[in-house]
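Below, each chain spelled out in residue letters.
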Amino acid sequence: MVRKFYGDPTRMKATKADDWDRKYHKALLKEQEPIWVASGVSVELQKFLAQLDKGGKYTLPAGGALELACGVGIDSAAIAQSATFSQRKVHGVDISENAITAARARYV
């Protein structure tokens, strides 16, 4: 939905870490979500986590989760709060230090 209205964030002429940091910093200074950040966890991720939690058709080996390009951590937090990952480590990484700072302020 975000891409439908605002375009693909990977095409926003922000290819370097500094560019992404500036984009996050600018939005977060205004206490706004960056326009490319979804308003919540995607329906697809919610369905997948629900299937994992109730032992549906998906199963995972022991271990944690790693979200690449986690932004402000919305999906990482949802994964960590699921029953399947309640005793596992969930890590989110992003090229933007400002995004990681915002994620930590929100969820740690």
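Predicted model, so just to flag it, every value in this text is computed and none were measured.

1. Notes on the side chain of Ser96
Structurally, the position occupied by Ser96 is in the loop between strand 2 (90–93) and helix 5 (97–107). When residues no more than four places from it in sequence are discounted, the contact partners of Ser96 are Trp20, Asp21 and Tyr24.

2. Re the packing of aromatic side chains
Taken as a whole, this structure holds zero aromatic pairs when the rule is applied. When the ring centre of Phe85 is taken as origin, the NZ or CZ atom of Arg88, which lies over that ring, is 5.4 Å away.

3. Some thoughts on helix 4 (residues 74–81)
Of all the residues in helix 4, the buried ones are Ile74, Ser76, Ala77, Ala78 and Ile79. Elements in contact with the buried residues of helix 4: helix 3 (43–53), strand 1 (65–68), strand 2 and helix 5.

4. What about the layout of surface pockets?
Estimated volume of the second largest pocket: approximately 300 Å³. Secondary-structure elements contributing two or more residues to the lining of the second largest pocket are helix 4, strand 2 and helix 5. Element by element, the count of residues in the lining of the second largest pocket is highest for helix 5, at four residues. For the lining of the second largest pocket, a count of residues per class yields eight nonpolar, four polar and one charged.

5. As for the side chain of Thr84
Structurally, the position occupied by Thr84 is in the loop between helix 4 and strand 2. Overall, Thr84 belongs to the buried group, its relative accessible area being 18%. Within the structure, Thr84 has its side chain in polar contact with the backbone oxygen of Leu52 (distance 3.4 Å).

What counts, and where the lines are drawn
Residues numbered from 1 in each chain as written. Predicted model: local features only at pLDDT ≥ 70, side-chain atom pairs only at ≥ 80, totals over all residues. Heavy atoms only, no water. Helix = DSSP H or I, 4+ residues; strand = E, 2+ residues; numbered from the N terminus. Contact = heavy atoms within 4.5 Å. Phe/Tyr/Trp six-rings, centres within 6.5 Å; stacked < 30°, edge-to-face > 60°. Lys NZ or Arg CZ within 6 Å of the ring centre and 35° of its normal. Buried < 20%, exposed > 50% of the residue type's maximum accessible area, 1.4 Å probe, protein only. 1 Å grid on protein atoms, 1.4 Å probe; cavity = no way out; pocket = protein on both sides within 12 Å on 5 of 7 lines; lining within 4 Å. Points joined across faces, edges and corners; volume = space filled by probe spheres on them. Nonpolar A, V, L, I, M, F, W, Y, C, P; charged D, E, K, R; others polar. Polar contact = N/O pair within 3.5 Å; in protein donor to acceptor, adjacent residues only side chain to side chain.

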